[in-house]
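Letter by letter, the chains look like this.
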Amino acid sequence: MFQTVWVSSPGNWSLRGSNCHCDGKQTSWKCRFIKTIIQHSCLRHDPKGPRKARMLKKIQICLCFFFVSGILYEISLLSGCFSYMPMSKHFLTPEQVLSLGKSIIFLETTERLEPPPLVSCSVESAARIYQDRPIILFMKGLTNDTALEMNSSYTAFSLLSSMKNVFIFPLQMETVFQETPLLQWYNEVDPEQEKNWVHVSSDASRLALIWKYGGIYMDTDVISIRPIPEESFLAAQKSQFSSNGIFGFPAHHKFIWDCMENFVLKYNGNIWGNQGPFLMTRMLKAICNLTDFKGTEDHNCQNISFLNPQRFYPIPYPAWRRYYKVWDKSPTFNHSYALHLWNFMNHNRKAVVAGSNTLAEKLYKAYCPTTYEDLIQNAELRDFIHSEDA
């Protein structure tokens, strides 16, 4: 009953008028929403009869209590004010979650609806490392009509949806690009004529989302192993060359706006990476004098941290197969925040196999154990049972 009221309310932005504080800090629209409920949701009793008045008063108290309790459950994960789990996430919109700030954002710009194990591992590992932050997976193939019915038919989708701080939303690019320099480009480009459209559209979407809402963007082949302590950062793939596979900025940062403008000005979809790592590199070089890294030091320029390749790329792309080999002694990755598994180089040819003892299998076991159990071990068991039945 209360969830139905919740569904009808998210668009009522007039609730933004009142203030609510938690731990001395101004909070999001959710706290203000609760205050509005407390002030305005009470029923007025009929003065004609004291018995009826008492009955209505009891109903009023019960409704207010249960309604507010339901809303508190709904926001508990994200507001930082309460410790218990939310009752449901299904009625939150992308803007409501993103507006909380500090989101970890993943993108799936193909029409694929079932996240493969590596995507699931990336999202799960982030959810475990950043338990106090929203983890958002945007999927282009997902629509508002299919969101709920998919929960029962796709194993990875159900697995990720069950995690308390993971949100899965449709990727609606025209909405994402509103009020950015990318909208005109998006309206003029023909995806059918773009040979790298999946990558180019992802490059554009991540810029627009971080510009609007701030947070951290990660590719879906990045396994998180410890929190990133920086707020404004780019990840060096090697000395003097920036990746765009993982980066973070607060909302409305000038560097990201400049990147969007350059994206449009220098657009060439035929050159792979021109709108991605090459864009980030040329924009960073325009404001910073980049030098080679020494040891595991990070660089800083214009209040942007340019993080050492060891932070995310301790195994460089020419050696990507090492993730799928057995090591005599597994590396500790003590200087890394996350590991990029180079799925673009892999092209899904190599996968994690249960019992193989490869480095990738060990990473799955350590940082995304639910994915490993459900999508690797159990999948192999299901395949074996089906082969026996056949």
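Residues numbered from 1 in each chain as written. Predicted model: local features only at pLDDT ≥ 70, side-chain atom pairs only at ≥ 80, totals over all residues. Heavy atoms only, no water.

- As recorded by an unreviewed UniProt entry, the protein carries the name A4GCT acetylglucosaminyltransferase and is attributed to Chloroceryle aenea.
- In its Subcellular location (unreviewed entry) section, the UniProt record describing the protein reads: "Golgi apparatus membrane". (UniProt positions renumbered as here; feature names shortened; annotations may be inferred.)

### Here we look at the overall build of the protein
Part 1 of the argument: Scanning the protein from terminus to terminus reveals 14 helices and twelve strands.
Part 2 of the argument: When the 390 residues of the protein are sorted by exposure, 50% land in the buried category.
Part 3 of the argument: Long-range contacts, defined here as pairs at least 24 residues apart, represent 70% of the contacts in the protein between residues at least 6 apart.
Part 4 of the argument: Element-wise, carbon and sulfur atoms account for 52% of the exposed surface of the protein, whose accessible area totals about 19700 Å². (Helix = DSSP H or I, 4+ residues; strand = E, 2+ residues; numbered from the N terminus. Buried < 20%, exposed > 50% of the residue type's maximum accessible area, 1.4 Å probe, protein only. Contact = heavy atoms within 4.5 Å. Areas by Shrake-Rupley, 256 points an atom, 1.4 Å probe, with all protein chains shown as cover.)

### Remarks on the state of the cysteines
Part 1 of the argument: All told, the structure shown has two disulfides when counted by the stated rule.
Part 2 of the argument: Bridging C288 to C301, the disulfide has an S-S length of 2.0 Å. Its S-S torsion of approximately -105 degrees makes the covalent link between C288 and C301 left-handed. Of the two residues, C288 is situated in the loop between α11 (277-287) and β10 (299-301) and C301 in strand β10; the sequence distance between them amounts to 13 residues. By the burial criterion, C288 is buried, and C301 matches it. (Disulfide = S-S within 2.5 Å.)

### Some points on the nonpolar core
Part 1 of the argument: In terms of nonpolar packing, the biggest core is built from 51 residues, with I135, M218, I228, I246, F312, Y323 and Y364 touching the most fellow members.
Part 2 of the argument: Broken down by element, the residue count for this core peaks at five residues, all from helix α5 (residues 117-129).
Part 3 of the argument: What M218 contacts, discounting residues up to four positions off in sequence, is I104, I105, F106, Y130, S224, I228, G245 and I246.
Part 4 of the argument: Counting residues in each nonpolar core, the second largest holds 45 residues, with V97, L107, F247 and M283 among its members. (Core = buried A, V, L, I, M, F, W, Y, C linked by side-chain atoms within 4.5 Å.)

### With respect to helix α10 (residues 254-265)
Part 1 of the argument: The end-to-end C-alpha distance of α10, which contains twelve residues, comes to 16 Å, matching closely the 16 Å that a straight helix rising 1.5 Å per residue would cover.
Part 2 of the argument: All buried positions along α10 are accounted for by F255, I256, C259, M260, N262 and F263. Each buried residue of α10 sits inside an arc of 165 degrees when the element is viewed along its axis, so together they form one side. When the buried face of α10 is taken as reference, the exposed residues oriented beyond 90 degrees from it are K254 and L265.
Part 3 of the argument: In this structure, the buried residues of α10 make contact with α8 (182-188), α9 (197-213), β8 (233-238), β9 (241-249), α11 and β11 (304-307). (Expected span 1.5 Å × (residues − 1). Arc of directions from axis to C-beta.)

### A word on the side chain of R311
Part 1 of the argument: In this fold, R311 is placed in the loop between β11 and β12 (338-340).
Part 2 of the argument: On the accessibility criterion, R311 (10% relative accessible area) is buried.
Part 3 of the argument: Only 3.1 Å separates the side chain of R311 from the side chain of D298, close enough to count as a polar contact.
Part 4 of the argument: If we skip the residues at most four places from it in the chain, R311 touches T296, D298, H335, S336, Y337 and A338. (Polar contact = N/O pair within 3.5 Å; in protein donor to acceptor, adjacent residues only side chain to side chain.)

### So, the pattern of salt bridges
Opposite charge on two side chains permits pairing when their charged atoms draw close.
Part 1 of the argument: This structure, assessed with the given rule, holds eight salt bridges.
Part 2 of the argument: Residues R112 and E108 are paired through a salt bridge, measuring 2.6 Å at the closest nitrogen-oxygen approach.
Part 3 of the argument: Exposure remark for R112: the relative accessible area of 32% places this residue in the partly exposed category.
Part 4 of the argument: Given the relative accessible area of 6%, E108 is considered buried. (Salt bridge = Lys/Arg side-chain N within 4 Å of Asp/Glu carboxyl O.)

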